[in-house]
Amino acid sequence: MKQIFSSPDEIIEGIEDGATILVGGFGLCGIPENVIQALVRKGTKHLTIVSNNCGVDDWGLGLLLEKKQIDKIYASYVGENKEFERQVINGELEVELVPQGTLAERLRAGGAGIPAFYTPAGVGTKIAEGKEVRKFDGREYVLEQAITGDVSIVRAHTGDTYGNLIYRKTAQNFNPMIAAAGRTTIAEVEHLVEAGTLDPHHIHTPGIYVNRMIEAEQENRVERRTVKEA
Amino acid sequence: MKQIFSSPDEIIEGIEDGATILVGGFGLCGIPENVIQALVRKGTKHLTIVSNNCGVDDWGLGLLLEKKQIDKIYASYVGENKEFERQVINGELEVELVPQGTLAERLRAGGAGIPAFYTPAGVGTKIAEGKEVRKFDGREYVLEQAITGDVSIVRAHTGDTYGNLIYRKTAQNFNPMIAAAGRTTIAEVEHLVEAGTLDPHHIHTPGIYVNRMIEAEQENRVERRTVKEA
Amino acid sequence: MAVDRKAMRETIARRAEKEIQSGDYVNLGIGMPTMVANYLSEDKQVMLQSENGLLGIGPYPSEEELDPDLINAGKETVTAAKGAAYFSSAESFAMIRGEHIDVAILGGMEVAENGDLANWMIPGKMIKGMGGAMDLVHGAKKVIIIMDHVSRNGTPKIVKECSLPLTGKGVVDRIITDRAVLDVTDKGLVLKEILDGSSFEEIQEATEPELIKE
Amino acid sequence: MAVDRKAMRETIARRAEKEIQSGDYVNLGIGMPTMVANYLSEDKQVMLQSENGLLGIGPYPSEEELDPDLINAGKETVTAAKGAAYFSSAESFAMIRGEHIDVAILGGMEVAENGDLANWMIPGKMIKGMGGAMDLVHGAKKVIIIMDHVSRNGTPKIVKECSLPLTGKGVVDRIITDRAVLDVTDKGLVLKEILDGSSFEEIQEATEPELIKE
């Protein structure tokens, strides 16, 4: 049995100022929105955030930015956010851009006990500056290191009381790797069910990676509403 | 649409003497038994096989051994097989033992375009001899390289005509990584269904990794029959 | 003469569509490359990959189908095609990095004659990030860049050496512009097709490196 | 006096069971370690991992339940426990290597006072392979070796330095034998418990390195 919380404000207990937090989601899709808002309410400061994006000005991680709770962020794309731009230009926010596949793999490595690996992405670019570049079979690759965090926060569609998680559609994205890469992993689920009710074939994140859980309703905002012409 | 075959003898066309073949399965569980038997019938020789185990004397990869079709094998455990022992002692068969997790990860790396990675497994043992050992965060790791193959042969429970595969229970094992690590991937499935009938959430191996498919009945032998005392 | 940018983009997208064979797995970049999907021949069976974690992108949804949990890499709401699969971003980039994608069609700011690509940042302007571009250019079996032949002020975007920070070194296979199709080869840039009725010399005029006649 | 090997193994397995806390994720090695499951207290909620790709091993099946697709790492047919999950061997070893397994209980041939473990090959004898042992000894948060205190001819299996090829260097946390429980510490081997009524000196006698009194 996992620790099951009913309040997002309680589930974040123990997350200290200065923590490194890994946050699941891609854009606003599959983000643990209630736990993020609890961090905003608590005002935890000097955070290092690892997440593919940094939300938008009034939603997701953008809310943490707005309250200047983030010191540094690792992301692959941050172009959706005016406050982000302002803080970077003013030197209030440090940003390390990581190619998206490298970010996904560094997080996977973090959860999988692989300290470092070689990838072709970034060879011959700014990204490889200061890093080891090495040839295998005549091709150049750059050495990239694992990312782990003090806390991981993920969002799943269904979770059981043993911590097993199932994601829905493309809301899966970075969540499985992030679930495995945190020392403490918090899972925000849309539906919490009893252990034993999920088909063991369908589980994306086995419960071993999850420490704390909360069932919470999602606003599920759409970042770029596109529909076909009628 | 994938190339769908009805004869295992035809699906192996183009596999040449001297090929490197990656074979899914753990023990006799989840092995592509019909395609293996086709290779035995064809008598393809001087094979390099990568597989966690090498079957038993009269089943699975043991059948290829019996006909001396294998020159070299990469495996983590080969203790089930008398003919294997005989051929190694007589110098007829070369064996490279790889820790099981390292084998799984080297195959995953092969399919994922990661040429090499560091792992703690094997540090300070024979396995690390001649390999780079390097410290990250004060701990030692050994550099291991990706494994790819000319051909991969996997076994799944259900496949659709777009090549999407779903494995059953622990018959999954090495199959997903091997499906991705071969230049040509042959999938032997117990049930072939039309594309569009599988739930996109439940697919273990997306069809992009699969080239040829065959629906074939399995004998599904049990290696160690253990039942509870009545 | 006002350039009809919409028609230019359509020309490029239609020509780019011809690069896709039936049976291909294709990744279309954000922006103009996404448009290529609109021109895909129905005779071709093509699976579009979205690097956030979807193989088999379908058309944009109707109002009723709209689902916040189903988006493409450009964060647009989409649908899933027949035979689609969902997976994690790690699996998605394993697929890309492992050279399982047949064709990637991406936008470009500059392409050099040796195949260097710059398409992710302009020094002095706000950095938005490279997203998946640096992984895609090394992973896809064929990397096609689609872009205007020259910049808005008329300077060549196909250059001897990129002046902008690189996305990848020696990664481009083919360039498709509103005016021409060019291949990066060991010998240099080969002009394969002229799309706007220009002469070889006129295309050469608008291109910095020396072109090779097919 | 004939040693009752069955009783010895039971003593070891029962003592090893005490190492497992409720809520733990546990990997039991092949052979004697597998027996530990038989003694697991029903008060504990424990998930057993099988490195071929199962979290949540259940009891052996009945004849009717027997399923060739459901085996443990020792290739024995098993069942799946409530709340189980199936996954690939890559995911399974990600779980192991990434230090998510709380306790691994493995067999041993030799353990050295610095925590070196040898348990996979005897030179001159046929090599069978290390299976997942080399990954497990580095990955599990706590590595417990269970084995007979001495070999069949009476020589110590707990030694100053392993003579057999190593499975891992400095990886063992605790040793449980038919006679004692010993911890590998920075200061050396600490005798934590005596299980067979011997004196400290008698255990020391059967152990090559110098023991530290708890």
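Going by what an unreviewed UniProt entry lists, chain C is known as Probable succinyl-CoA:3-ketoacid coenzyme A transferase subunit B and is assigned to Alkalicoccus saliphilus. Recorded under Subunit (unreviewed entry), the UniProt text for chain C is reproduced unchanged: "Heterodimer of a subunit A and a subunit B." Per UniProt, the comment on chain C under Sequence similarities (unreviewed entry) is "Belongs to the 3-oxoacid CoA-transferase subunit B family."

An unreviewed UniProt entry annotates chain A as Succinyl-CoA--3-ketoacid-CoA transferase of Alkalicoccus saliphilus.

Q: How should I be thinking about the overall build of chain C in this particular structure?
A: Within chain C, the secondary structure is distributed over five helices and 13 strands. Relative to its length of 214 residues, chain C is compact, with a C-alpha radius of gyration of 17 Å against a globular reference of 17 Å. Structurally, chain C occupies a C-alpha span of about 50 × 30 × 30 Å along its principal axes. Counting every position in chain C, which comprises 214 residues, the buried fraction comes to 62%. Working note: accessible area of chain C is about 8700 Å², and carbon and sulfur atoms make up 47% of it. Seen as two clouds, the 23 positive and the 35 negative side-chain charges of chain C have centres 2 Å apart.

Q: Is there a simple way to think about the sheet that holds strand β3 (residues 54–57) of chain C in this case?
A: Through backbone hydrogen bonds, the strands of a sheet pair up, either in parallel or in antiparallel fashion. All names here are of chain C. Read across the sheet, ten strands follow the order β4-β3-β2-β1-β5-β8-β10-β11-β12-β13 without closing on themselves; strand pairing throughout is mixed. With one partner strand each, in any of the chains shown, β4 (80–86) and β13 (211–213) form the two edges of the open sheet. Adjacent strand axes in the sheet meet at a mean angle of 30° when their direction is disregarded. Bridge count for strand β8 (residues 142–146) against strand β10 (residues 174–176) is three bridges, and the pairing is parallel. Looking at the pairing, I146 lines up with I176 of β10. Strand contacts of helix α1 (residues 5–17): β5 (103–107), β8, β10, β11 (180–185) and β12 (188–194), with the helix running at about 145° to β10, the strand carrying the most contacts.

Q: For this particular structure, what's the right way to read the pairing of strand β7 (residues 133–136) of chain A?
A: Both faces of the sheet carry side chains from a regular strand, because those side chains alternate between them. Relative to strand β8 (residues 139–145) of chain A, β7 of chain A is paired through four bridges, and the arrangement is antiparallel. In the strand pairing of β8 of chain A, F136 of chain A is matched with R139 of chain A.

Q: Is there a simple way to explain the sheet that holds strand β6 (residues 110–112) of chain C in this structure?
A: Spatially, three strands are ordered β7-β6-β9 (chain C) in an open sheet, and the strand pairing comes out mixed. The open sheet has two edge strands, β7 (117–118) and β9 (158–159) of chain C, and neither has a second partner.

Q: I tried to follow the confidence of the model for chain C on my own but got confused; where do I start?
A: Parts of the prediction with low pLDDT should not have their coordinates interpreted in detail. Across chain C, pLDDT averages 96, with 99% of residues at or above 70. Quick note on the complex model: pTM equals 0.98, ipTM equals 0.97.

Q: Honestly, the interface of chain D and chain B in this entry has me stumped. Any pointers?
A: A common measure of how large an interface is: the accessible area buried when the components associate. Taken together, the contact between chain D and chain B spans 46 residues of the former and 51 residues of the latter. Summed over both partners, the interface of chain D with chain B comes to about 4100 Å²; 60% of that surface belongs to carbon and sulfur atoms. A per-residue breakdown of the area chain D buries against chain B is headed by D69, K75 and M126 of chain D, which together make up 19% of the total. There are eight salt bridges connecting chain D and chain B.

Q: When you look at helix α5 (residues 100–112) of chain A in this model, what are you seeing that I'm missing?
A: Residues that lie three or four places apart on an α-helix share one face, since the helix turns once every 3.6 residues. Residues and elements named next belong to chain A. The terminal C-alpha atoms of α5, which comprises 13 residues, lie 18 Å apart, in line with the 18 Å expected from a rise of 1.5 Å per residue. Burial analysis of α5 places 13 of its 13 residues in the buried class, the great majority of the element. Phi for G113, located one or two positions after α5, is positive at around 70°.

Q: Explanation requested: unusual backbone geometry in the structure shown.
A: Of all residues except glycine, most have a negative phi; of all peptide bonds, most are trans. Within the chain, D137 of chain A stands out as a residue other than glycine whose phi angle is a positive 50°. Mapped onto the elements, D137 of chain A comes out in the loop between β7 and β8. Classification of D137 of chain A by relative accessible area gives exposed; the value is 87%. Not every positive phi belongs to a glycine, and K169 of chain B is a case in point at roughly 45°.

Q: I tried to follow the pattern of salt bridges on my own but got confused; where do I start?
A: Close approach of charged atoms allows side chains with opposite charge to pair. Applying the stated rule across the entire model yields 71 salt bridges over all chains. Among the ionic pairs, D9 of chain B bridges to R41 of chain B, the shortest N-O distance being 2.9 Å. With a gap of 32 residues between them, D9 of chain B in helix α1 (residues 8–11) and R41 of chain B in helix α2 (residues 33–42) connect regions that are remote in the sequence. Judged by relative accessible area, which is 49%, R41 of chain B ranks as partly exposed. Among the salt bridges present, the one from D148 of chain D reaches R5 of chain D, with a minimum N-O distance of 3.1 Å. Of the two residues, D148 of chain D is situated in the loop between β8 (142–146) and β9 (158–159) and R5 of chain D in helix α1 (residues 5–17); the sequence distance between them amounts to 143 residues. Overall, R5 of chain D belongs to the partly exposed group, its relative accessible area being 31%. When salt bridges with common partners are traced through the structure, they connect R15, E19, K142, R174, D183, K192, E193 and E214 of chain C into a single cluster.

Q: Just checking my understanding: could you explain empty space enclosed by the protein for this structure?
A: Left-over empty space is what a probe sized like a water molecule reveals as it rolls over the atoms. Applying the stated criterion to the full structure yields six cavities of 30 Å³ or more. In this structure, the largest cavity spans a volume of roughly 910 Å³. As for the largest cavity, its lining consists of 41 residues, of which H204 of chain A, S88 and E91 of chain C together with S88 and E91 of chain D are closest to the centre. Of all the elements in the fold, those that place two or more residues in the lining of the largest cavity are α5 and α6 (175–181) of chain A, α5 (100–112) and α6 (175–181) of chain B, α3 (89–97) of chain C together with α3 (89–97) of chain D.

Q: Looking at this model, I keep getting lost on the nonpolar core. Mind explaining?
A: Nonpolar side chains in soluble globular proteins tend to end up buried together. Membership of the largest hydrophobic core comes to 49 residues, with the highest contact counts inside it found for I145, V172, I175 and L182 of chain D. Setting aside residues up to four positions removed in sequence, I145 of chain D forms contacts with L106, G107, G108, V111, L117, V172, R174, I175 and I176 of chain D.

Q: When you look at the packing of α5 of chain A against α3 of chain C in this model, what are you seeing that I'm missing?
A: Between two packed helices, the angle of one axis relative to the other and the distance separating the axes together describe the packing. Interhelical geometry of α5 of chain A versus α3 of chain C gives an angle of 125° and a closest axis separation of 9 Å. Between α5 of chain A and α3 of chain C, the angle is such that the two are oblique. Two packed elements cross with a definite hand, and for α5 of chain A against α3 of chain C that hand is left-handed. Of the residues in α3 of chain C, those in contact with Q100, G101, A104, E105 and R108 of chain A of α5 of chain A are S89, A90, F93 and R97 of chain C. The residue inventory of the contact of α5 of chain A with α3 of chain C, partitioned by class, reads three nonpolar, three polar and three charged.

Q: Would you explain the interface of chain A and chain C in this entry?
A: Across the boundary between the two partners, chain A contributes 51 residues, which contact 46 residues of chain C. Summing both partners gives a buried area of about 4000 Å² for chain A against chain C, and 60% of it is carried by carbon and sulfur. On inspection of chain A and its partner chain C, the count reaches seven salt bridges. The salt bridge involving D69 of chain C is made with R168 of chain A; its shortest N-O contact spans 2.8 Å. Contributions of two or more residues to the side of chain A that touches chain C are made by α4 (82–89), α5 and α6 of chain A. When residues of the side of chain A that touches chain C are assigned to their parent elements, the largest contribution, six residues, is made by α5 of chain A. Looking at the side of chain A that touches chain C residue by residue, the class counts come to 20 nonpolar, 16 polar and 15 charged.

Q: Honestly, the packing of aromatic side chains in this entry has me stumped. Any pointers?
A: Aromatic ring pairs are reported here in terms of the distance separating the ring centres and the angle at which the planes meet. The full count for this structure, using the stated rule, is five aromatic pairs over all chains. Here the aromatic rings of F136 of chain A and Y141 of chain A are separated by 6.0 Å at their centres, their planes lie at 65°, and the arrangement is edge-to-face. Each member of the pair, F136 of chain A as well as Y141 of chain A, is classed as buried. Ring pairing ties together the aromatic residues Y118, F136 and Y141 of chain A together with Y118, F136 and Y141 of chain B, which thus form one cluster. If you follow R221 of chain A out to its NZ or CZ, it ends over the ring of W59 of chain A, 4.0 Å from the centre. A cation over an aromatic ring shows up here: K75 of chain D above the ring of F26 of chain B, its NZ or CZ 5.4 Å from the ring centre.

Q: Help me understand the state of the cysteines in this model?
A: Disulfide: a covalent bond formed between the sulfur atoms of two cysteine residues. Residues and elements named next belong to chain A. A full pass over the atoms with the stated rule returns zero disulfides over all chains. With no disulfide of its own, C54 has C29 as its nearest cysteine by sulfur position, at a separation of 17 Å. Judged by its relative accessible area of 2%, C54 falls in the buried class.

Q: I tried to follow the environment of E208 of chain D on my own but got confused; where do I start?
A: Residues and elements named next belong to chain D. With respect to the helices and strands, E208 occurs in the loop between α5 (200–205) and β13 (211–213). Given a relative accessible area of 39%, E208 falls into the partly exposed group. Sequence separation of E208 and G197 is eleven residues, and the distance between their C-alpha atoms is 20 Å. Apart from the residues lying within four places of it in its own chain, the contact partners of E208 are P156, I158, V159, K160 and E161.

Rules used throughout
Residues numbered from 1 in each chain as written. Chains lettered and ligands numbered in written order. Predicted model: local features only at pLDDT ≥ 70, side-chain atom pairs only at ≥ 80, totals over all residues. Heavy atoms only, no water. UniProt positions renumbered as here; feature names shortened; annotations may be inferred. Helix = DSSP H or I, 4+ residues; strand = E, 2+ residues; numbered from the N terminus. Rg over C-alpha atoms; globule rule 2.2 N^0.38 Å. Buried < 20%, exposed > 50% of the residue type's maximum accessible area, 1.4 Å probe, protein only. Areas by Shrake-Rupley, 256 points an atom, 1.4 Å probe, with all protein chains shown as cover. Lys, Arg positive; Asp, Glu negative; His and termini not counted. Charge placed at Lys NZ, Arg CZ, Asp CG, Glu CD. Pairing = 2+ DSSP bridges. Axes fitted to C-alpha atoms, helices over the stretch in contact; angles between N-to-C directions. Contact = heavy atoms within 4.5 Å. pLDDT = per-residue confidence, 0-100. Buried area = accessible area lost by both parts, 1.4 Å probe. Salt bridge = Lys/Arg side-chain N within 4 Å of Asp/Glu carboxyl O. Expected span 1.5 Å × (residues − 1). 1 Å grid on protein atoms, 1.4 Å probe; cavity = no way out; pocket = protein on both sides within 12 Å on 5 of 7 lines; lining within 4 Å. Points joined across faces, edges and corners; volume = space filled by probe spheres on them. Core = buried A, V, L, I, M, F, W, Y, C linked by side-chain atoms within 4.5 Å. Parallel < 35°, antiparallel > 145°, perpendicular 65-115°, else oblique. Left-handed = near helix turned anticlockwise from the far one by under 90°. Nonpolar A, V, L, I, M, F, W, Y, C, P; charged D, E, K, R; others polar. Phe/Tyr/Trp six-rings, centres within 6.5 Å; stacked < 30°, edge-to-face > 60°. Lys NZ or Arg CZ within 6 Å of the ring centre and 35° of its normal. Disulfide = S-S within 2.5 Å.

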